[in-house]
Amino acid sequence: LNQFCKDPTIKRHIKIRAFTDVLEKLKFTSQATNMLLVMAENNRLNILPKVIATFEKIMVSHRGEVACCVTTAKAIDRATERELTSALEAFLEPDQKLNLSL
C-alpha cells in the first residue's frame, strides 16, 4: 500500500478507483473515506503515513494516555517493573493513563 501511494507512475484516477473499492470493502466511515479520497484526488497519498502518525498522537492525547519508554542496561524482573510503574503513576493526573514500554 505504501508503494502504491507513493508511486508517481500510477495515474490518479486509478488510485482513486482502487481506494474507493478498498474503503468500501473495509467499511470505513464516511469521514475517513472522504478524507482519503480527497487526498487521492489531490495526489497527496504520499503523506498518508504522516497523517496517520499525527492522528495517532492526537488520539493518545485525547484518551489521556502518557507514553513512557524506559531503557535499562539489563532486563528487569516483575517486582521492579511494578515498582517502576507505581512510581511513574504518582506523577500522573487522575484522568491520565500510563502507557509504559520497556
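Preceding this section is the structure that the text describes.
Residues numbered from 1 in each chain as written. Predicted model: local features only at pLDDT ≥ 70, side-chain atom pairs only at ≥ 80, totals over all residues. Heavy atoms only, no water.

Undergrad: Please set out the pairing of strand 1 (residues 65-69) residue by residue, giving values where relevant.
TA: Residues in a regular strand point their side chains to alternate faces of the sheet. Relative to strand 2 (residues 97-101), strand 1 runs parallel, the two sharing five bridges. Bridging across to strand 2, Ala67 finds its partner in Asn99. As a crossover connection, the stretch from strand 1 through helix 5 (residues 78-89) into strand 2 is right-handed. (Pairing = 2+ DSSP bridges. Helix = DSSP H or I, 4+ residues; strand = E, 2+ residues; numbered from the N terminus. Right-handed = clockwise from strand over helix to strand, strands pointing away.)

Undergrad: Which residues make up the nonpolar core, and what are the values?
TA: Membership of the largest hydrophobic core is limited to nine residues, which are Cys5, Phe19, Leu23, Leu36, Leu37, Met39, Ala40, Leu45 and Leu48. Breaking this core down by element, the ones donating at least two residues are helix 2 (12-26) and helix 3 (30-41). Top contributing element to this core by residue count: helix 3, with four residues. (Core = buried A, V, L, I, M, F, W, Y, C linked by side-chain atoms within 4.5 Å. Buried < 20%, exposed > 50% of the residue type's maximum accessible area, 1.4 Å probe, protein only.)

Undergrad: Please set out helix 4 (residues 48-62) residue by residue, giving values where relevant.
TA: For helix 4, built from 15 residues, the straight-helix expectation of 21 Å at 1.5 Å per residue is met to within 8% by its first-to-last C-alpha distance of 21 Å. For helix 4, the tally of buried residues reaches only one of 15 residues, placing the bulk of the element at the surface. (Expected span 1.5 Å × (residues − 1).)

Undergrad: Give a detailed account of unusual backbone geometry, specifying residues and quantitative values.
TA: Of all residues except glycine, most have a negative phi; of all peptide bonds, most are trans. The residue Lys27 is not glycine, and still its phi comes out positive at about 55°. In this fold, Lys27 is placed in the loop between helix 2 and helix 3. Look at Asn43: it is not a glycine, yet its phi comes out positive at around 55°.

Undergrad: Can you explain the layout of surface pockets? Please cite residues and give values.
TA: The space that makes up the largest pocket amounts to roughly 270 Å³. What lines the largest pocket is Phe28, Ala32, Met35, Leu36, Leu48, Val51, Ile52, Phe55 and Glu56. Secondary-structure elements contributing two or more residues to the lining of the largest pocket are helix 3 and helix 4. The leading source of residues in the lining of the largest pocket is helix 4, at five residues. For the lining of the largest pocket, the class distribution of residues is eight nonpolar, no polar and one charged. (1 Å grid on protein atoms, 1.4 Å probe; cavity = no way out; pocket = protein on both sides within 12 Å on 5 of 7 lines; lining within 4 Å. Points joined across faces, edges and corners; volume = space filled by probe spheres on them. Nonpolar A, V, L, I, M, F, W, Y, C, P; charged D, E, K, R; others polar.)

Undergrad: Give me the packing of helix 2 against helix 3: which residues, what numbers.
TA: Contact geometry for helix 2 and helix 3: axes closest at 9 Å, N-to-C directions at 165°. One way to sum up the angle between helix 2 and helix 3 is to call them roughly antiparallel. Handedness of the helix 2/helix 3 crossing: right-handed. Residues Arg12, Ile16, Phe19, Thr20 and Leu23 of helix 2 pack against Thr33, Leu36, Leu37, Ala40 and Glu41 of helix 3. (Axes fitted to C-alpha atoms, helices over the stretch in contact; angles between N-to-C directions. Parallel < 35°, antiparallel > 145°, perpendicular 65-115°, else oblique. Left-handed = near helix turned anticlockwise from the far one by under 90°. Contact = heavy atoms within 4.5 Å.)

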